[in-house]
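# Overview (structure and organization)
As a plain string of letters, each chain reads:
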Amino acid sequence: MDESVIEEEEGKQRPVVVSILAVILFFNGILTIINGLSFEANPIVLVMGGVAILLSVGLLMLWSWAWVGTILLQIVAVGFAIYDWFTGGPIDVLAIGLGVIIILYLLRSEIRAVFFR
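The shown structure was predicted, so the numbers you read here are calculated from the model rather than taken from an experiment. (Residues numbered from 1 in each chain as written. Predicted model: local features only at pLDDT ≥ 70, side-chain atom pairs only at ≥ 80, totals over all residues. Heavy atoms only, no water.)

Inspection of the secondary structure assignment puts Val-45 in helix 2 (residues 43-60). Look at Val-45 and you get partly exposed, because its relative accessible area is 25%. As a C-alpha pair, Val-45 and Ile-102 span 57 residues in sequence and 20 Å in three-dimensional space. (Helix = DSSP H or I, 4+ residues; strand = E, 2+ residues; numbered from the N terminus. Buried < 20%, exposed > 50% of the residue type's maximum accessible area, 1.4 Å probe, protein only.)

Geometrically, a pair of aromatic rings is defined through the distance of the ring centres and the angle of the planes. Counted under the stated rule, the structure contains 4 aromatic pairs. On the basis of an interplanar angle of 80° and a centroid distance of 5.5 Å, the ring pair of Phe-26 and Phe-27 is categorised as edge-to-face. If you follow Arg-112 out to its NZ or CZ, it ends over the ring of Phe-116, 5.0 Å from the centre. (Phe/Tyr/Trp six-rings, centres within 6.5 Å; stacked < 30°, edge-to-face > 60°. Lys NZ or Arg CZ within 6 Å of the ring centre and 35° of its normal.)

With respect to the helices and strands, Gly-36 occurs in helix 1 (residues 16-38). Classification of Gly-36 as buried rests on a relative accessible area of 4%. Once residues within four sequence positions are removed from consideration, Gly-36 is found in contact with Ala-41, Val-45 and Leu-46. (Contact = heavy atoms within 4.5 Å.)

What follows deals with the nonpolar core. Counting 19 residues, the largest nonpolar core has Val-18, Leu-25, Leu-59, Leu-106, Ile-111 and Phe-115 as the members making the most contacts within it. Apart from the residues within four sequence positions on either side, Leu-25 is in contact with Ala-52, Leu-55, Ser-56, Leu-59, Thr-70, Leu-73 and Gln-74. (Core = buried A, V, L, I, M, F, W, Y, C linked by side-chain atoms within 4.5 Å.)

End to end, helix 1 covers 33 Å across 23 residues, agreeing with the expected 33 Å (1.5 Å per residue, within 8%). Taken together, the buried positions of helix 1 are occupied by Val-18, Ser-19, Leu-21, Ala-22, Leu-25, Gly-29 and Gly-36. Glu-40 occupies a position one or two residues after helix 1 and carries a positive phi of about 50°. (Expected span 1.5 Å × (residues − 1).)

Laid out in structure tokens, this is it:
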């Protein structure tokens, strides 16, 4: 593996980018919940924030369900951003771009292998 890695107890090595992704996902979940509470948003927003926090822990632990869940969460986020755009809202290039980058990164064979050892 050509990436920097962090040693794990069980012999797995966590790529640094996965750690960074987990931290970003954690803070995104916190901000999503705060945003949902302060603007009385749809309850699905609060659920997505909670799921993001749960997935961030799973990514740090290199659990395979977190890999799958993070990809699904990004697909949903990109889908919502595209839906908003097609229904007259502003295009959220950042959400779409980051979602696609995260999905493509997690689908790399060497990254997938870390989660499914």
